[in-house]
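Here are the chains, one letter per residue:
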Amino acid sequence: PRTLDVARHLNATITHAGQISERRVNSIVVTLRTAPHIIHLLKPGALVLTSGDREDVILTAAMASMNGVPLAGLVFTCESQPDPRIMQLCQQAFSSNLPVMISALNTFETSSLLAQMGKAVPEDDTERMERVIDHVAENLHADKLKQFVGEPHEPRLPPPAFRYQLREKARQADKRIVLPEGNEPRTIRAAAICHEKHIARCVLLGDPIEIQRIAETQGIVLPDSLEILDPNKIRGNYIEPMVELRKSKGLTAPMAEQQLEDSVVLGTMMLAEGDVDGLVSGAVHTTANTIRPALQLIKTAPGAGLVSSVFFMLMPEQVLVYGDCAVNPDPTPEELANIAIQSADSAKAFGIEPRVAMISYSTGSSGSGSDVEKVREATRIAREKRPDLIIDGPMQYDAASVESVARQKAPGSEVAGRATVFIFPDLNTGNTTYKAVQRSANVISVGPMLQGLRKPVNDLSRGALVDDIVYTIALTALQAAQQ
């Protein structure tokens, strides 16, 4: 349950909300002993119950919170509050993300009432509902179920099935993925999850002692199988290979050593040398910092022409593919056609039947102008190169996605109203659209997944959640298997 659910159940008075809607209660600490005997219990997700006169406990909980331990919350029982001087001393903790509330019941009554709390998921806890759906999707015997319900007329890949399929295929691939941002808390947690679920064999780059400290602070148990490499100990292995790769650009050994100080460059060289199968970065680095070393050291795949990107948009009823929303600012018609082909192939590789809509502000022949003509020409080139693909355009977004609009604007189109792959005319349109859909409709987006490189390198949004990183690692492992 969320700390908010606990507050409602106790009918508690909330004195400071903090992250009361986001934090979840994993354990309850009833403080019957002195502070030294409860320190080991103050872990992420711990809800601390204490009377207001237990200054030692209150100060200990405040210090834990200020040291970065995300406690679920602090409950003052007996309708009591600490001495104002203690409150003043703990002001930084009590005015941050730590939820603080007051229960009218004594400590025993409060803990007893919490023990009676039901398991039902509140109607506004969509995150917990998603976890339930994911759990069912991961454990459901779909083949057996199909014997009773049959196949749908037009198969759609819903988000839980997409995520399940990603995990299963990644497990089968069993690839080694390097994570250059090894001391970033979300990345550490994602790596631990990937090892627990056998999604990939992750390699964290960073100081092992620092990574272990961060893991302990965040309550993350690092599996024994998780590999942590100290960059200082392996950097020298890649100086000579990097010089060889970039000698035409005048790279010298001292220059290579300096560039390898960047963990993303080091991870990219590990990939270039075949020591890992893929790379995921971007939780703290920019897209440019992730992609530039890949273009220099990995280079494009034969026949790819360019590197582009797609996002997998997990809509309520199906997964859609958006491209290019992260890499190419203003592609030419030829480049736009290549992006469409790459994106269609990516969709098919991940179980999505590609029906490609080339998006513009005009549908069919209803409009004119250089921007529309670019999309029209790109559609022609893509069809010519890949007659096996279903591609149509130019097409407005509503005509591509809404059947009723499609019947009016593009009555005969195989794509209109049924598009699964949306190709935007430029980066400005693509990036704006994916973020507008993601934020306004509360849609999970997985990506960007890079296309066209010889080996898989994938970028993260700097606002990525742990689940985003896990699924990007799975995507990368699956790309490596396909390549």
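Reference entry: report on the structure contained in this document. None of the values given here were measured: they were computed from a predicted structure.

## As for the pattern of salt bridges
Under the defined criterion, the tally for this structure stands at 27 salt bridges. Between Arg 186 and Glu 184 there is a salt bridge, with the nearest N and O atoms lying 2.8 Å from each other. By relative accessible area, which is 21% here, Arg 186 ends up partly exposed. Glu 184 sits in the buried class, given a relative accessible area of 9%. Ionic pairing is found between Lys 247 and Glu 244, a salt bridge with its closest N-O pair at 2.9 Å. Since its relative accessible area comes to 52%, Lys 247 is described here as exposed. Within this structure, Arg 2, Asp 5, Arg 8, Arg 24, Asp 124, Asp 125, Glu 127 and Arg 131 form a network of salt bridges that share partners.

## Digging into a nonpolar patch on the surface
On the surface, Val 121, Met 129, Val 132, Val 136, Leu 140, Leu 145, Phe 148 and Val 149 cluster together into a nonpolar patch covering about 700 Å² of accessible area. Elements supplying a minimum of two residues to the nonpolar patch: helix H6 (126-139) and helix H7 (142-149). Topologically, Val 132 is positioned in helix H6. Using a relative accessible area of 42% as the deciding quantity, one classes Val 132 as partly exposed.

## Quick word on the pairing of strand E13 (residues 390-395)
Looking down a regular strand, the side chains alternate between one sheet face and the other. With five of six residues buried, E13 lies mostly within the body of the structure. Strand direction decides the pairing type here: strand E12 (residues 355-359) and E13, joined by four bridges, are parallel. Residue Val 356 lies in a different strand from E13, and its bridge partner there is Ile 391.

## Topic: the side chain of Thr 50
Within the secondary structure, Thr 50 sits in strand E3 (residues 46-51). Judged by its relative accessible area of 0%, Thr 50 falls in the buried class. Within the structure, the side chain of Thr 50 is placed 3.4 Å from the side chain of Thr 31, a separation counted as a polar contact. If near-sequence neighbours (up to four positions away) are discounted, Thr 50 is found in contact with Thr 31, Val 57, Ile 58, Leu 74, Val 75, Phe 76 and Thr 77.

## Section: the nonpolar core
For soluble globular proteins, the rule of thumb is that nonpolar side chains tend to be buried together. One finds Phe 162, Phe 312, Met 358 and Ile 473 to be the most contacted residues of the largest nonpolar core, which totals 61 residues. If you tally residues by element for this core, the top one is helix H21 (residues 466-482), at nine residues. Counting residues in hydrophobic clusters, the runner-up holds 27 residues, among them Leu 266, Ile 298, Val 307 and Leu 450.

## Overview of the side chain of Arg 128
Residue placement: Arg 128 occurs in helix H6. For Arg 128, which is buried and forms no salt bridge, the nearest opposite charge comes from Asp 125, at a distance of 4.5 Å. Those residues in contact with Arg 128 that lie beyond four places of it in its chain are Pro 1, Arg 24, Lys 119, Ala 120, Val 121 and Pro 122.

## A few points about the pairing of E3
Across the six residues of E3, six count as buried, placing the element largely inside the fold. When strand E2 (residues 27-30) meets E3, the two strands line up parallel, connected through four bridges. The residue bridging Ser 27 from the neighbouring strand is Ala 46, located in E3. Pairing geometry for E3 and strand E4 (residues 73-77), over five bridges, is parallel. Among the inter-strand pairings, Leu 47 is bridged to a residue of E4, identified as Gly 73.

## Things to note about the sheet that holds strand E7 (residues 201-205)
The strand order across the open sheet formed by five strands is E8-E7-E6-E9-E16, and the pairing between neighbours is parallel. Two strands close off the open sheet at either side, each with one partner strand: strand E8 (227-229) and strand E16 (457-459). Taking the axes of each pair of neighbouring strands and ignoring which way they run, one obtains an average angle of 25° across the sheet. Pairing of strand E6 (residues 176-179) with strand E9 (residues 278-281) involves two bridges; the strand directions are parallel. Paired with Val 178 across the bridge in E9 is Leu 279. Seen against the sheet, helix H9 (residues 185-196) touches E6 and E7 and runs at an angle of roughly 155° to E7.

Reading guide: rules and limits
- In this numbering scheme, every chain counts its residues from 1 along its sequence in written order.
- Owing to the predicted nature of the model, reporting of local features is limited to residues with pLDDT of at least 70; listing and counting of side-chain atom pairs is limited to 80 or more, with chain, interface and lining totals taken over all residues.
- No hydrogens and no water enter the side-chain calculation; it runs on all heavy atoms of the structure.
- Only one rule defines a salt bridge in this text: a Lys or Arg side-chain nitrogen within 4 Å of an Asp or Glu carboxyl oxygen.
- To sort residues, take the accessible area from a 1.4 Å probe on protein chains only and compare it with the maximum for the residue type: under 20% means buried, over 50% means exposed, and anything in between is partly exposed.
- Nonpolar side chains (Val, Leu, Ile, Met, Phe, Trp, Tyr) are joined into patches within 5 Å and like charges within 9 Å, using only residues with over 30% relative accessible area and no salt bridge.
- Methods summary: accessible areas were calculated by the Shrake-Rupley approach with a probe of 1.4 Å, and residue burial reflects only the protein chains presented.
- Secondary structure elements are taken from DSSP: a helix is a run of H or I of four residues or more, a strand is a run of E of two residues or more, and numbering for both begins at the N terminus.
- Here, a strand pair is defined by DSSP locating no fewer than two bridges between the strands.
- Counted as a polar contact is a pair of N or O atoms within 3.5 Å, where, for protein atoms, one must be capable of donating a hydrogen and the other of accepting one, and residues adjacent in sequence contribute only when both atoms are in side chains.
- Two residues qualify as a contact provided that any one of their heavy atoms is within 4.5 Å of a heavy atom in the partner residue.
- For the purposes of this section, nonpolar cores are sets of buried Ala, Val, Leu, Ile, Met, Phe, Trp, Tyr and Cys residues that join through side-chain atoms within 4.5 Å.
- Under the counting rule used here, the positive set is Lys and Arg, the negative set is Asp and Glu, and His together with the chain ends is not counted.
- Between the N-to-C directions of two axes lies an angle of 0 to 180 degrees, each axis being a line fitted to C-alpha atoms and, for a helix, fitted only over the stretch in contact.

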